[in-house]
Amino acid sequence: MDRDADIPDAVSVNRVLNFIKHLWSETGEELDVNVFYRHRTLDALGLAISNHEDLSVSPKIIELRGGEGSAPLLLFAGGASCFLEMQQLIKEIRFPGPILGVALTAFNRDRHQPARVEDEVQSTLKALQAAGIEGPYRLLGYSFGGVFALELARALRAQGQKIAFLGMLDTPLGEQEWPLMTWGSFMWQRWRRAHTRKKNLRKTDPQPRRQTSAQGSRPMIERREFLAKKLKPLSFRYADPHTAYYPELAPQWMGDYPPLYDAAARQLLRMKGVYRPSRYDGELTFYRSMQGSPVDCDPKTIWARFLAHADWVDVAGNHQSMIVGRNAGTLARELSARLTR
């Protein structure tokens, strides 16, 4: 890689996350997942390291792409607020103003009093005021970032501010908000897919594998936690977001994260677990992936009753592929047309 190459454009998000994880395991130093937007080349990153900058902390507002004028597009990423996941979409959007990322605040709260979506909204309002960013506002959120965009729009409207654009990209809700029949049907389909995969696997590898257990060499697991993990994914809908093991029940949970990323992921999953949506009367555009997500039901079956004036737009791809490749270009053109009206 050239020393002056633009890192966000040159490197995939998976490679960056693997690099951050490897660096942490080798040195004990963890970089913020969005550090490459502040130091976009190897030369710039090397200079920051030599100047002993703290590269583990992210500013609240991150410039993802420059532009003309003072009216930015404010973007909320999905997951643990890693904007590199959306880099191709960011690059493809034809919008004259700057595109600014709003990073997730690290509240470092105790699990018994977890941070809520309302806390993130208040943190964002303070950051916008400190940066001198005024309306009319253009807000876009991917995955659960759409909830932050929605609730920020609600708070801004309550202050008398104008929302020029609000977009939600395939935003899910926690399973506790799914209607029981929707949840039951989704779990049944999910079980059938898993059962088919196991059946096909047995055909190619008929030898049974012996399961070993190290339970005797570790402390006894609490009975409730043991049952919850044993019954996963059925138990996740009814689990208490305040329990220590709650994030590990989530279907999105992969584990083995570096400390800062682990804390951000746990905080976000608890936020999702305690969030309760309410009716929003403003205009917005909801972009729904046509192939959906393997871990979330059709968002329209849940959101339609809360979003009174939503314009529903179906876009190509699934939850992940809708923002990459040709799908990103198609989505960007649709977004660009609405942003520049």
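Data block above holds the structure.
Residues numbered from 1 in each chain as written. Predicted model: local features only at pLDDT ≥ 70, side-chain atom pairs only at ≥ 80, totals over all residues. Heavy atoms only, no water.

Chemist: Now, about the environment of Q291: what can you tell me, with residues and values included?
Modeler: Mapped onto the secondary structure, Q291 falls in the loop between β6 (280-289) and α12 (300-303). We classify Q291 as exposed; its relative accessible area is 62%. As for Q291 and A308, which are separated by 17 residues in sequence, their C-alpha atoms are 24 Å apart. The contacts of Q291, once residues within four sequence positions are left out, are G317 and N318. (Helix = DSSP H or I, 4+ residues; strand = E, 2+ residues; numbered from the N terminus. Buried < 20%, exposed > 50% of the residue type's maximum accessible area, 1.4 Å probe, protein only. Contact = heavy atoms within 4.5 Å.)

Chemist: Tell me about the side chain of S81, residues and numbers included.
Modeler: Its location among the elements puts S81 in the loop between β2 (73-76) and α5 (87-92). Only 3.1 Å separates the side chain of S81 from the backbone nitrogen of L104, close enough to count as a polar contact. (Polar contact = N/O pair within 3.5 Å; in protein donor to acceptor, adjacent residues only side chain to side chain.)

Chemist: Before we move on, could you go through unusual backbone geometry and cite the residues and values that matter?
Modeler: Along the chain, G135 connects to P136 via a cis peptide bond; the corresponding omega equals 0 degrees. Mapped onto the fold, P136 is located in the loop between α6 (117-131) and β4 (137-142). For the bond running from K232 to P233, omega is 10 degrees, close enough to zero to count as cis. Examined against the element boundaries, P233 turns out to sit in the loop between α9 (223-230) and α10 (246-249). Positive phi values are uncommon outside glycine, yet N108 reaches one of about 55 degrees. Secondary-structure assignment places N108 in the loop between β3 (99-102) and α6. You can call N108 exposed: its relative accessible area is 66%. For S143, which is not glycine, the phi torsion reads 55 degrees and is therefore positive.

Chemist: Describe the pattern of salt bridges, with residues and values.
Modeler: Oppositely charged side chains can form a pair if their charged atoms are brought close together. Considering all chains together, one arrives at 17 salt bridges under this definition. Residue R154 pairs with E151 through a salt bridge whose shortest N-O separation is 2.8 Å. Of this pair, R154 and E151 both sit in helix α7 (residues 145-158), three residues apart, which is roughly one turn of the helix. The partly exposed category is assigned to R154, whose relative accessible area is 23%. Note that D298 is salt-bridged to R288, the shortest N-O span being 3.0 Å. Remark: R288 occurs in strand β6 and D298 occurs in the loop between β6 and α12; sequence separation between them is ten residues. (Salt bridge = Lys/Arg side-chain N within 4 Å of Asp/Glu carboxyl O.)

Chemist: Which residues make up the sheet that holds strand β1 (residues 61-65), and what are the values?
Modeler: The strand order across the open sheet formed by seven strands is β1-β3-β2-β4-β5-β6-β7, and the pairing between neighbours is mixed. For this open sheet the edge positions go to β1 and β7 (307-315), each flanked by a neighbour on one side alone. Sheet twist, expressed as the average angle between the axes of neighbouring strands with direction ignored, equals 25 degrees. Bridge count between β2 and β4: four bridges; the pairing is parallel. Within β4, the residue paired with F76 across the bridge is G141. Strand contacts of helix α13 (residues 325-339): β2, β4, β5 (163-169), β6 and β7, with the helix running at about 160 degrees to β6, the strand carrying the most contacts. (Pairing = 2+ DSSP bridges. Axes fitted to C-alpha atoms, helices over the stretch in contact; angles between N-to-C directions.)

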